[in-house]
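Okay, here's what each chain looks like letter by letter:
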Amino acid sequence: MSFALARKQDTVDALRGLFAGAPALAKLRLWCFLTLASHPQGRLSREDVNQLFHAVLPEPLDAVLKRLRDLGLLVWDATAQDYHLSTLAHQVQALLAPLTSAPQDDDELSGLLAQVAGAQQLGVVDASQLQHLHAQLARLHDEFADAIASGSEARLRLAQPRFDRALTLVDKAGQALSAIIGDHGDNARLEKAARALGQDQARLLSMASQFTRALQQADRLRVTLGSTGLTSSDVRHWLQHHQALHELIGDALSVGVRPVFVSQHDLVDVAEGELERDRPDPERSMGLPPAVQAEAGSLDILSLPPELGHLVNLFGRWHKAAPAEDDKPHTLADAVLNRRFAHAAYRMQLMPLLGDRQAGELKSQTGELARAPWSLTMTTTLVKTPDTEVAVISEGHFHPRPHPRPAAAAGTTPLPE
């Protein structure tokens, strides 16, 4: 099929050019093209074209004629000063001719059957045409089979005219199918497609008896209501076309009822789910299980790195030791360096916590570090260290921080500073 489409690339381009653009412009091009194709004269002068499309303004008409010339559908003969359609235009017109016919209920089948039967009479039948017809017959068979399986009288009555029409069309095309099988025995692909169509025809004919039995079953289920002549089907049809069924109750109920209809497929799904649902075994005891001694366990708590505790202890020792007059202030290196770069980096990251109010409210080692009575002053100067893993460190000094003033007692007013 891809090879066949590649061979008809000029036809595909012509169709794309006709339908490209806005819907109104595409409709105008299509109307002008089909009108020119249906005109009995083979050649038309520009005066004849203007008279033929007298209802179209000159500018849109010139645009349409130019598009048809660019697509190779319309040829302008400069010598004779007239227009004529090309061979490609006749091929495109044959494809678009069904658009001008009145719509029918069996357009999807009658068009394909007419195409196959006409091609058989002319001897130009192709396997692709038979394959399209085979696919359409298969779809119709599935649609009619669903209507029969539903058991719905409404669906059966709705599908019956289409089914009868399909049987009539297939029966009329049976002679053409037989002729195709007899005349193209040397073409294996064409013969195989024709035999598949014969099988589809046999399936539709065998379905006729099933259709009749389904309608008879629906008639048997119909109930006559009294001597009025009304049947249950009449009542069903009237209920289906009623605008508001809840209004039929009137004032019988204090609260209005709006019915909710569930399809049979939904009911089947709910029923299957209910049947397949796990239920407790009635033979098993429904009491509580016997008491069992709980096993000993352990609760794992996230612990902080030990370097935090060491730093808190270091600040505590500095605070307890009485400072002498000649003692130098503690430096940043004294608190951070600990013979390993990882420990020094971690302690350095903890320095901003000193004096932090939010961290000081925590009841943990982090809070103890924030409440330590020391403040750090750092400069931008780098100081060399004797440590083997840290070469230089920022210069900084620790100074004792005064204790916070105790809160005022309840009922007293603090003095202004």
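Above this text sits the structure in question.
Right, let's walk through the structure included here.

About the thresholds
Residues numbered from 1 in each chain as written. Predicted model: local features only at pLDDT ≥ 70, side-chain atom pairs only at ≥ 80, totals over all residues. Heavy atoms only, no water. Helix = DSSP H or I, 4+ residues; strand = E, 2+ residues; numbered from the N terminus. Buried < 20%, exposed > 50% of the residue type's maximum accessible area, 1.4 Å probe, protein only. Contact = heavy atoms within 4.5 Å. Areas by Shrake-Rupley, 256 points an atom, 1.4 Å probe, with all protein chains shown as cover. Axes fitted to C-alpha atoms, helices over the stretch in contact; angles between N-to-C directions. Parallel < 35°, antiparallel > 145°, perpendicular 65-115°, else oblique. Nonpolar A, V, L, I, M, F, W, Y, C, P; charged D, E, K, R; others polar. Patch = residues over 30% accessible without salt bridge, like charges linked within 9 Å, V, L, I, M, F, W, Y side chains within 5 Å. Salt bridge = Lys/Arg side-chain N within 4 Å of Asp/Glu carboxyl O. Pairing = 2+ DSSP bridges. Core = buried A, V, L, I, M, F, W, Y, C linked by side-chain atoms within 4.5 Å. Phe/Tyr/Trp six-rings, centres within 6.5 Å; stacked < 30°, edge-to-face > 60°.

## Some remarks on the overall build of the chain
Okay, step 1: Scanning the chain from terminus to terminus reveals 18 helices and 7 strands.
Okay, step 2: Taken across its 417 residues, the chain has 28% of its residues classed as buried.
Okay, step 3: Taking all contacts inside the chain whose residues are at least 6 apart in sequence as the whole, residues at least 24 apart take part in 58%.
Okay, step 4: For the chain, the exposed area adds up to about 29400 Å²; of that, 57% sits on carbon and sulfur atoms.

## Digging into the packing of helix H3 (residues 23-38) against helix H5 (residues 58-70)
Geometrically, a packed helix pair is captured by the angle between its two axes and the distance between the axes.
Okay, step 1: Direction vectors running N to C along H3 and H5 enclose 70°, while the axes themselves pass 10 Å from each other. Viewed along their axes, H3 and H5 adopt a mutual orientation that is roughly perpendicular. Note on element contacts: H5 touches H3 through Pro-60, Val-64, Arg-67 and Leu-68, opposite Leu-28, Arg-29, Cys-32, Phe-33 and Leu-36.
Okay, step 2: In terms of residue class, the contact of H3 with H5 is built from 7 nonpolar, no polar and 2 charged.

## Brief notes about a nonpolar patch on the surface
Okay, step 1: Nonpolar side chains collect at one region of the surface, where Val-235, Trp-238, Leu-239 and Leu-248 lie side by side and expose about 350 Å² of accessible area between them.
Okay, step 2: On the secondary structure map, Trp-238 appears in helix H12 (residues 232-240).

## Observations concerning the sheet that holds strand E3 (residues 82-85)
Okay, step 1: Strand order across the open sheet formed by 3 strands is E1-E3-E2, with antiparallel pairing between neighbours. This sheet does not close on itself; its edge strands, each paired only once, are strand E1 (44-45) and strand E2 (74-77).
Okay, step 2: Bridging between E2 and E3 involves 4 bridges; their strand directions are antiparallel. Bridge pairing links Asp-77 to Asp-82 in E3.

## Quick notes on the pattern of salt bridges
Okay, step 1: Summed over the entire model, instances satisfying the criterion amount to 6 salt bridges.
Okay, step 2: The salt bridge partner of Asp-13 is Arg-16, with a shortest N-O separation of 3.0 Å. With Asp-13 and Arg-16 both in helix H2 (residues 9-19) and 3 residues apart, this pair spans about one turn of that helix.
Okay, step 3: Residue class for Arg-16 comes out exposed when judged on its relative accessible area of 52%.
Okay, step 4: The residue Arg-347 makes a salt bridge to Glu-307 at a minimum N-O spacing of 2.9 Å. Of this pair, Arg-347 sits in helix H16 (residues 341-350) while Glu-307 sits in helix H14 (residues 306-320), and the two are 40 residues apart along the sequence.

## A few points about the nonpolar core
Okay, step 1: One finds Phe-33, Leu-68, Leu-73 and Val-92 to be the most contacted residues of the largest nonpolar core, which totals 23 residues.
Okay, step 2: Contributing elements (two or more residues each) for this core: H2, H3, H5, E3 and helix H6 (87-96).
Okay, step 3: For this core, the element with the most residues is H3, which contributes 5 residues.
Okay, step 4: What Phe-33 contacts, discounting residues up to four positions off in sequence, is Leu-18, Leu-68, Leu-73, Ala-89, Val-92, Gln-93 and Leu-96.

## Side note on the packing of aromatic side chains
Okay, step 1: Tallying each qualifying case throughout the model produces 7 aromatic pairs.
Okay, step 2: For the pair Trp-318 and Trp-374, a centre-to-centre distance of 5.9 Å together with 80° between the ring planes defines the contact as edge-to-face. Of the two residues, Trp-318 is situated in helix H14 and Trp-374 in strand E6 (residues 374-384); the sequence distance between them amounts to 56 residues. Side by side, Trp-318 and Trp-374 carry an identical accessibility label, which is buried.
Okay, step 3: A network of ring pairs unites the aromatic residues Phe-315, Trp-318, Trp-374 and Phe-398 as a single cluster.

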